[in-house]
Every structure is written in structure tokens, then in C-alpha cells.
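A look at the structure
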Amino acid sequence: MRHIISVLVENEFGALARIAGLFSARGYNIESLNVAPTQDGSMSRMTIVTSGTDEIIEQITKQLNKLVDVIKLTDLTESSHIEREVMLVKINAAGAERRDEVKRLTDIFRGKVLDVTDTTFTVEVTGAAEKLDAFVDAIGYEGLIEVVRSGPMGIGRGEKPLQL
Amino acid sequence: MELSGGEIVVESLRREGVKHVFGYPGGSVLHIYDAFFKQDEVQHVLVRHEQGGTHAADGYARATGKPGVVLVTSGPGVTNTVTGIATANMDSIPMVVLTGQVALPVIGSDAFQECDTIGITRPIVKHNILVKSVEEIGPAIKKAFHIATTGRPGPVVVDIPKNTTDPNVKIPFDYPETVDIRSYRPAERGHMGQIRKATEMLTEAKRPIIYAGGGVVQGEASEELRTLVRELEYPITCTLMGLGAYPGDDELSIGMLGMHGTYEANLAMHEADVILCVGARFDDRVTGDLDKFAPYAKIIHIDVDPSSISKNVKADIPIVGQVKPVLEDMLTCLKEVGKNQDVTAMEAWWKQINQWRSIDSLAYEKGDQIKPQEVIESLYKATKGDAIITSDVGQHQMFAAQFYHFNRPRQWLNSGGLGTMGFGLPAAIGAQLACPDQTVACVTGEASIMMCIQELSTALQYNTPVKIINLNNRYMGMVRQWQEMFYDKRYSMSYVEALPDLVKMAESYGHVGIRVEDPSELDAAMEKAFSIKDRLVFLDIVVDQSVNVYPMIANGKGHHEMVLSPSQAEIDDAEERDLA
Ligand SMILES: Cc1ncc(C[n+]2csc(CCOP(=O)(O)OP(=O)(O)O)c2C)c(N)n1
Ligand SMILES: [Mg+2]
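It should be emphasised that the depicted structure is a prediction, and the values quoted were computed from it without experimental measurement.

Residues and elements named next belong to chain B. Two elements in contact, helix 15 (residues 372-382) and helix 16 (residues 395-403), have axes whose closest approach is 9 Å; the angle formed by their N-to-C orientations is 50°. Our classification of the angle between helix 15 and helix 16 gives oblique. Between helix 15 and helix 16 lies a crossing whose hand is right-handed. Taken together, the residues of helix 16 that come into contact with helix 15 (itself represented by Pro372, Gln373, Ile376 and Glu377) are Phe399, Ala400 and Phe403. A class-by-class count of the residues in the contact of helix 15 with helix 16 yields 5 nonpolar, 1 polar and 1 charged.

For the rest of this paragraph, the subject is a nonpolar patch on the surface. Residue and element names in this part refer to chain A. Together, Leu88, Leu114 and Val148 give the surface a local cluster of nonpolar side chains, amounting to about 240 Å² of exposed area. For leucine 88, the position within the fold is in strand 5 (residues 81-92). Assessed through its relative accessible area of 35%, leucine 88 is described here as partly exposed.

Moving on, we get to the sheet that holds strand 16 (residues 412-413) of chain B. Strand pairs in the sheet, formed through backbone hydrogen bonds, run parallel or antiparallel to each other. All names here are of chain B. One open sheet accounts for 6 strands, arranged 16-15-17-18-20-19; its pairing is parallel. A single partner strand is all that each edge strand has here, and the edge strands are strand 16 and strand 19 (512-516). Helix-sheet contacts for helix 21 (residues 522-531) involve strand 17 (440-445), strand 18 (467-472), strand 19 and strand 20 (537-542), and the interaxial angle to strand 20 is about 165°.

This paragraph deals with the domain arrangement of chain A. Residues and elements named next belong to chain A. You can read the domains of chain A as domain 1 (2-78) and domain 2 (82-153). Centre-to-centre, using C-alpha coordinates, domain 1 lies 29 Å away from domain 2. Every contact between the two is made by 6 residues of domain 1 and, on the other side, 6 residues of domain 2. For the pairing of domain 1 and domain 2, the buried interface totals around 460 Å² over both sides, and the portion due to carbon and sulfur atoms is 49%. The tally of links between domain 1 and domain 2 comes to 1 salt bridge. The salt bridge involving arginine 2 is made with glutamate 83; its shortest N-O contact spans 2.8 Å. Here domain 1 and domain 2 share 3 residue pairs in polar contact (both at pLDDT 80 or more) between them. Grouping the amino acids of the side of domain 1 that touches domain 2 by side-chain chemistry returns 2 nonpolar, 3 polar and 1 charged.

Quick look at the interface of chain B and chain A now. On the chain A side, the residues contacting the 20 residues of chain B number 20 residues. Taking both sides of the interface into account, the surface hidden between chain B and chain A amounts to around 1,600 Å²; carbon and sulfur atoms contribute 51%. In terms of surface lost to chain A, no three residues of chain B exceed Arg122(B), Arg182(B) and Ser183(B), which account for 40% of the buried area on that side. Where chain B meets chain A, there are 2 salt bridges. In this structure, the salt-bridge partner of Lys66(A) is Asp305(B), at a minimum N-O distance of 2.8 Å. Between chain B and chain A we count 9 residue pairs in polar contact (both at pLDDT 80 or more) in total. Secondary-structure elements contributing two or more residues to the side of chain B that touches chain A are strand 6 (127-130) and helix 7 (134-149) of chain B. With 3 residues, the single largest contributor to the side of chain B that touches chain A is strand 6 of chain B.

Residue and element names in this part refer to chain B. Taken together, Glu446 (OE), Glu446 (OE), Asn473 (OD1) and Tyr475 (O) make up the full set of protein donors to the magnesium ion (ligand 2), lying 2.1 to 2.6 Å away. Here the magnesium ion (ligand 2) is ringed by 6 donor atoms whose angles at the metal span 51 to 176°, and the overall shape comes out irregular. In primary sequence terms, the donor set of the magnesium ion (ligand 2) follows E-x26-N-x1-Y. Of the two residues, glutamate 446 is situated in the loop between strand 17 and helix 18 (455-461) and asparagine 473 in the loop between strand 18 and helix 19 (477-486); the sequence distance between them amounts to 27 residues. Take asparagine 473: its relative accessible area is 8%, and that puts it in the buried class.

On to helix 21 of chain B, then. All names here are of chain B. Looking only at helix 21, the buried set comprises Leu522, Ala525, Met526, Ala529 and Phe530. For helix 21, the buried positions fall inside an angular range of 130° around the axis, keeping them on one side. Its buried side turned inward, helix 21 meets helix 15, strand 17, strand 18, strand 19 and strand 20.

With that settled, consider the packing of aromatic side chains. Residue and element names in this part refer to chain B. As enumerated under the stated definition, the model contains 15 aromatic pairs over all chains in all. Taking the centre distance of 5.2 Å and the plane angle of 80° together, the rings of tyrosine 211 and phenylalanine 282 count as edge-to-face. Linking tyrosine 211 in strand 9 (residues 208-212) with phenylalanine 282 in the loop between strand 12 (274-278) and helix 12 (284-287), this pair joins segments that are 71 residues apart in sequence. Each member of the pair, tyrosine 211 as well as phenylalanine 282, carries the same accessibility label: buried. Measuring from centroid to centroid gives 6.0 Å for tryptophan 349 and tryptophan 356, while their planes differ by 90°, and the two rings are edge-to-face. In this structure, tryptophan 349 and tryptophan 356 share a single accessibility class: buried.

On to the packing of helix 15 of chain B against helix 21 of chain B, then. Residues and elements named next belong to chain B. Remark: helix 15 packs on helix 21, axes separated minimally by 9 Å, with the N-to-C direction vectors making an angle of 45°. Here helix 15 lies oblique to helix 21, going by the angle between them. The two elements helix 15 and helix 21 cross, and the hand of that crossing is right-handed. Facing Glu374, Val375, Ser378, Leu379, Lys381 and Ala382 of helix 15, the residues of helix 21 in contact are Leu522, Asp523, Met526, Glu527 and Phe530. Looking at the contact of helix 15 with helix 21 residue by residue, the classes come out as 6 nonpolar, 1 polar and 4 charged.

Conventions adopted
- Residues numbered from 1 in each chain as written.
- Chains lettered and ligands numbered in written order.
- Predicted model: local features only at pLDDT ≥ 70, side-chain atom pairs only at ≥ 80, totals over all residues.
- Heavy atoms only, no water.
- Axes fitted to C-alpha atoms, helices over the stretch in contact; angles between N-to-C directions.
- Helix = DSSP H or I, 4+ residues; strand = E, 2+ residues; numbered from the N terminus.
- Parallel < 35°, antiparallel > 145°, perpendicular 65-115°, else oblique.
- Left-handed = near helix turned anticlockwise from the far one by under 90°.
- Contact = heavy atoms within 4.5 Å.
- Nonpolar A, V, L, I, M, F, W, Y, C, P; charged D, E, K, R; others polar.
- Patch = residues over 30% accessible without salt bridge, like charges linked within 9 Å, V, L, I, M, F, W, Y side chains within 5 Å.
- Areas by Shrake-Rupley, 256 points an atom, 1.4 Å probe, with all protein chains shown as cover.
- Salt bridge = Lys/Arg side-chain N within 4 Å of Asp/Glu carboxyl O.
- Buried < 20%, exposed > 50% of the residue type's maximum accessible area, 1.4 Å probe, protein only.
- Pairing = 2+ DSSP bridges.
- Domains from an automatic or database assignment.
- Buried area = accessible area lost by both parts, 1.4 Å probe.
- Polar contact = N/O pair within 3.5 Å; in protein donor to acceptor, adjacent residues only side chain to side chain.
- Donors = N, O, S within 2.8 Å, 3.2 Å for Na, K, Ca; no water.
- Tetrahedral: all angles 85-135°; square planar, octahedral: opposite > 155°, others 65-115°.
- Arc of directions from axis to C-beta.
- Phe/Tyr/Trp six-rings, centres within 6.5 Å; stacked < 30°, edge-to-face > 60°.

Below is the structure:
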């Protein structure tokens, strides 16, 4: 099953390498990983999307917790949460008809056109991973020139934060 | 106090109570070596190869429980320590490795003797730290000792760029008294509710067994374990790493378990209804095929490292905590719960175990050549069972584990997790320096000993009168055994040709060398070796080449499928297995 693990780590030299290294050394899946500092500059927050059986996910969380740089973590998929991913896409948009269609699809997916040339649109779409997949499908493979995705990030619902 | 970075390194070690540092100098650590030169509280032991240095520090740590300390230069100095660091990591040995690094401004430029030490050692350490200023040296060393020695112990590397130890840059220095790492909070006491449940399950068991590992030794919990086992009068088996955690010649001890464990230990594991695992980790050399492992048992698992629990075998009652306080709490619970055991069931269980025991799975036949097993028996006699024994890796290691009855923790030092040939001699030197009043012997093989043979020179320089017991079978015996059993006797590359004359070699290093070939001379030679108190003696013992280690669980087999030696198997057939 797919899991989204949010990890608070020391914003220190090598912390990212330690975590990435753990996944490769122990043969765990890693679908995406993103990281940036939090409001407290000494900590970074990482979102890791992985998959595996319950036993594997249990090992992943235990092994992550064992790393000295890991402050705290939570498996967001265990409770109600919000998931978002940002995608930037450069799309083939030559000819009036095609331009209209891309514009319409962008609106339907609540995307934003960020840049325009005679033959292309560059569009931003934000949402859960499946929504971005659906947009890519709607545009069609031939229409895509370049796709950049951030990988999902997540936050729990309700008042309780992931904090020290 | 104003100190330079080099002086801070030495002063920090002094403040940690370090007496010995095992190291080898080089360009990036010269400032630190200069600081060593100016004091004599922390002794620097010059090894002959950085691998030897890490094993010596490791042996020092295993023999005492105190962290071993290593100091090496950047680049090749670091890469030479990799095997030793990984060895310590696999067996959870506390160690602090200080490595020189090229100056900060040139890191990343492929400078002379530069390597990515943090990157290379990352997967084989508990933690590593790159120092980025002279101010960071003291706190980094403090942190390293704290992390190395608490929770599940392990090696920590501190990488020190040369410019941070510049003798011309002095800073006011205060060694931190305490350390607090918000992201590192190792477990302490176990959960009382879990401990109570475990105690109840344990007392209600009909076919219980206690399975103890290296965690009991590292966690200084042998005393508590002994009390618990004797209180319950349950059978106890120790892993290769746990030998000595419980006295090996005690009536309740049923020997080592696992691949070359005793028949009674492995069958008792297979038939048990409750297994109490204390500080062990269900390693594949212990469990055999996991699908066939302990099919009737409920499992209680005590470990300080939560990631060890339910990794290989699902625990029914997990208890995360330091072994010592958990066992203390368990003893308290036991008093409250009472020992309401099923007496009839326990009698039947012991009867069964004693029947397995009577097969005597370690029995072997003597002959006109020396058998490796009788060498260990002779060693046991000559040292009255009281020596610190280190070993290398191979058949000799298994024979030492099977035939030397370790009665106290920290008496048996071997590389169980990584299985590192070359460990034995340097580890013995480290142990001897740590315990100058004890007898230290290294059980080795003619292939293993060659892997760190240069340390014979260190042994002379520091006058460590280690006794080397070389079981010379002219084969990589353990490899040969597998080739005999599983590769139709195709002995590919397992014959050690062109062996040096090891007696002469020992002599050329300035030690005493003795060769023994005749079984009738074995005991006398052993006595003689141990009567020479002040010198290293190399006993080169020519043993029967064809001996295999039995009993054995082959790969992919379960505990109940273990093979006895051909002669013991006959006895077993005659008595017919009577499994519960
Ligand atoms: C560094 C290293 N390389 C290879 C091995 C694989 N290995 C395990 S046992 C063994 C043979 C050891 O031979 P020897 O030291 O003569 O001991 P014996 O088995 O003959 O008693 C080998 C090569 C190892 N454990 N460590
Ligand atoms: Mg050999």
C-alpha cells in the first residue's frame, strides 16, 4: 500500500543523504521525496511517498526513527490528512483550436497559465497526485513537452501539528 | 584555557577518561599527533594497519564495555578502517573513530588524500559528524561518545579537517559537561504493562526457553539474567554473541543455538511454546529458515532498539527498553505474579531436553592426528576456563564457541555479525591492553591470521603477551566444508597453498613460536605456552584437515532438520527421536 511519511529532521549537513541512503541500502521503495526548511530554520520537513506491506512500512518508520538526525515522524496515511503536489507543464499549443482546448482543460483543473509563446503554454496545476495524473492524461502524451512535479507533500487534518 | 584544535582533541579524550587510542599518523592529523606528543595521560598505541587499529579498539571495547577510540589520517587511513567500523557496527560495539580530513576550503576538490569520509562510512556507523570549525571539535567529540555508548551502542565517526586543528589558532576551551540531542532519545525502562503480560506468559508456559544474545553482554545485564533463569529454572540458550551472558557450564544452560548450535538448544527452540528473547535479533544464522522457525511459540522480545523487534520474527509481546532495567522489572513482576508453573509440564519438558542432550551432539572421535575440538578442550584446561578468548572466522571460531565454556560476559570476543577474518589478533591486543592482568588467547586459522598478521609487530612494541592458538588445517576449513557438502567436493580456491612457516614468522617478529603435530604433545605444549607469561606465543597446531563442524543446520532448513555428525546420527537413530 502507498504511504506518505512526514519527517522532521535536523537541518544539518548530510541528513538528506542519510535518509535517501537508508532507503537504497535496505531496498525500500521510494516514489518521491521532498524537503525544505520549516518555520523553525533548524528543522527541515521531508515528505516521503513509499509503498510496501505493513511489516515493511513498520520497519521503514522504525529505521527512520533510529537515525540520529530524525526528530519526529508520522505516517500521514494512518489518519485523515491533506495531500498536495505542484506540477509545472509545458504544453504544445500551436493553432487556435488547440490553444482553446488547453486553456479550457487548465480551467477545468483549476490550473494557471504562467507563460505563453506562439506555440506553447506553461501551466501550473496543484492538487492530489491523482488529479495531476488526470490532467496529464487529458492533455495527452503528444501534447506534453516538459513535466515537472514536486512530489506530494502532506499535512494532517485538525489542530494537532507534527512538532517537537 | 586557550587551546588549539589539536590540543582540544587530546583534551576532550582525556576528559572522556580515555586511556588508549589506537591509531596511525598521516598528513591531515599531524597537528593532532603533535598535541599527543606533548602529554602522556592518553596513550597512543601505534598499530601497523588502520584495520588492525579499529579491531584493536573494538577488542578493547568488547573486553571492558568502554568505548574504543581510533585516530587515523584522511583518504587511505580512512578507507582502511572501513572493515573494522563495519565489524563494530554489526555487533553494536561502542567506538569513536577520529579521522583526519583535508582542509575545509579544499573539500570537494579531489585534494591529495581526500575522500568522502562521511559518505563512505554513513551506512556502517551509528552516526557521523563533520567538524566545520575549531569551536565544533569539543562538542562533536562529546556528542560522539554519548551516541556511541548509549541506547544500542555503535561506532561514531568524527571527521576533522586539518585547518580546524591549526596550532596557531587557539580558542578558549570548555569541554561540555553534558549533551542533549533533541533528535536522539534512546529507550530506557520498558513498558510496565508489557513486562507484566510477559511475566505472566512466561510463568504459564509449558515448554519455555530463554534465548539470550549480545545485548545482554553489551547491556551489562548478565547478573539479572542469571537471577531470572535460576528463579524460573528454565532452559537457556545463548547466541554466538551472547556466550558468557549466562555461565556456559551451568546445568540450566543448553549451549549455543543456531547453525552450529547444540541439538538440544535447537530442538528446544523448535518445540518451545514460549520464547523469551533477551537482547538478540533473530539473525538468519540463529533462526534457520524463517518459515520453519519455532512454529508453536509465542514470542516475547526485549530489545533497546525498536527496529530489531518484529524485523525477522513477529513478536507477540514486544518490550522496548534497556535489557538490565527490563529484567529488573521482570523480576519484580515475577515476585508479584508468583511462580505458578505447571510442575508436571516442566518436568516433562526437562526430561525431553535431557534426552536430546544425551545424544551429545558435540561428541567427536580422537585419532592419530590432532582434532581441532581437542585443541579447544586443551586450551580450556590450560587456562582453567578463565581466559579472554578472541577468534577469527571459520571452523576454529565455531569450535571455540562450542568447546570453551564461557562463564562470564566479555570473555568471548568475536565478529559474529560481519564475520570478519583478521579480527582475532588485533582484538586480542586491544583486550590485553585493556585487561593487563588477564590471560588473553586468540583462536585462529592459518587463513584468517594472515589477514592482520602485521599486528604481531604492534604486540611486540606494546608487550602484549597474547597466546595465538592457530588451528592449522591448511584449508579455509569453513569454505572447504561447504564445498564438500554442497559443491560435490570441488574445493575451489579453499586450499591455502604456499603457507609461510608460521613458527619462524612469529620468531622473526620477536615472539615465541611452537609447532605441535602429535596429539600426545598437545597438552604439554599448551601448558608451556601459557607458562610464558611475558611474551607472545604463537602455537601453530597442525590439525586433521578433514574435520567438519557439527551439528549443522544447512541453509534453508529449520531447527528440527539439523544434521548430526555421521557418528552421532547413528546413536540418534537408535534412540529414535521422541518429539513432544
Ligand atoms: C574478510 C573475509 N573474507 C572472506 C571470508 C569468508 N570466509 C569465511 S570462513 C573462511 C575460511 C577461514 O579459514 P581459516 O582462517 O583457515 O579457518 P578454518 O575455517 O580453516 O578454521 C572464509 C574465507 C570472511 N569471513 N572474511
Ligand atoms: Mg584453516
